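Coordinate analysis (summary)
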Amino acid sequence: MRSLLSLLTPICLLLAACQTSHRNMPYTGNWTQITRVNNEYVIYIPCALDLRKMKVTDSAIHEVLPLEVNDCHIVSTTTAGNGYRLKGKEAVYTFKWEDEKKGTAEWTIQYSASAPEERVVFVNSTHENDFKKVHQPESDCNTSGDAR
């Protein structure tokens, strides 16, 4: 019994350390933009465009926008009120939970010092399936191009 206990103790300590690390960096992970439609958040899928997504690590942000991709190397991370400010060479991303239980967070993004701030709500990948997916109506789509 003691040998089993001595074997399990390091594993339990390692798991606790991993959970504490994630709590200290709740902004890390994969994020998908959600949009408010008729008083509820949904994952809105536009015609022939990519969904807006972000992959955030402790050192970088890879952001897929509908028409482009942005990569930002994080040079500093600081607390900002009840959230975090992730600063790159040019861009600044500020994270704060909107509803932690639902996995939703508001991200304020400024791509350069002269650019306006943009506020976007994202859901983390662990809660993505909790949100309904809504496709843009075909009547709004330009069918002459590459439509989904």
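Rules of the game
Residues numbered from 1 in each chain as written. Predicted model: local features only at pLDDT ≥ 70, side-chain atom pairs only at ≥ 80, totals over all residues. Heavy atoms only, no water. pLDDT = per-residue confidence, 0-100. Contact = heavy atoms within 4.5 Å. Core = buried A, V, L, I, M, F, W, Y, C linked by side-chain atoms within 4.5 Å. Buried < 20%, exposed > 50% of the residue type's maximum accessible area, 1.4 Å probe, protein only. Helix = DSSP H or I, 4+ residues; strand = E, 2+ residues; numbered from the N terminus. Pairing = 2+ DSSP bridges. Phe/Tyr/Trp six-rings, centres within 6.5 Å; stacked < 30°, edge-to-face > 60°.

**What to know about the confidence of the model for the protein chain**
With 80% of its residues at a pLDDT of 70 or more, the protein chain shows a mean pLDDT of 85. Low pLDDT, under 50, characterises residues 11-22; the predicted model gives this stretch one contact beyond four residues in sequence or across chains.

**What about the nonpolar core?**
With 17 residues, the main nonpolar core has W31, M54, V56, I61, L86, Y93 and W107 as its most contacted residues. Contributing elements (two or more residues each) for this core: β4 (53-56), β6 (69-80), β7 (83-88), β8 (92-99), β9 (104-110) and β10 (118-124). Of all the elements, β9 adds the most residues to this core, at three residues. Dropping the residues within four chain positions of it, V56 is found in contact with Y27, T28, G29, W31, I61, L86 and W107. I34, Y41, V121 and F131 belong to the second largest nonpolar core, which has eight residues in total.

**Quick look at the pairing of strand β5 (residues 60-64)**
Residues I61 and E63 of β5 are buried on one face, while the alternating residues A60, H62 and V64, pointing to the opposite face, are not. As paired strands, β4 and β5 are joined by four bridges and run antiparallel to one another. Across the sheet, the residue bridging to K53 is V64, located in β5. The hairpin turn running from β4 into β5, its antiparallel successor, is three residues long. Sheet topology places β5 next to β6; five bridges connect them, and they run antiparallel. Paired with V64 across the strands is V69, a residue of β6. Counting the residues that bridge the hairpin from β5 to β6 gives four residues.

**Some remarks on the packing of aromatic side chains**
Under the defined criterion, the tally for this structure stands at eight aromatic pairs. When the ring of F95 is compared with that of W97, the centres are 5.2 Å apart and the planes differ by 75°; the resulting orientation is edge-to-face. Classification of F95 by relative accessible area gives buried; the value is 1%. A network of ring pairs unites the aromatic residues Y27, W31, Y84, F95, W97 and W107 as a single cluster.

**Focus on unusual backbone geometry**
Its identity as a non-glycine residue notwithstanding, N38 has a phi of 50°, on the positive side. Summarising the element assignment, N38 is placed in the loop between β2 (35-37) and β3 (40-45). For N38, a relative accessible area of 74% gives the class exposed. The backbone of N39 sits at a positive phi, close to 70°, despite the residue not being glycine.

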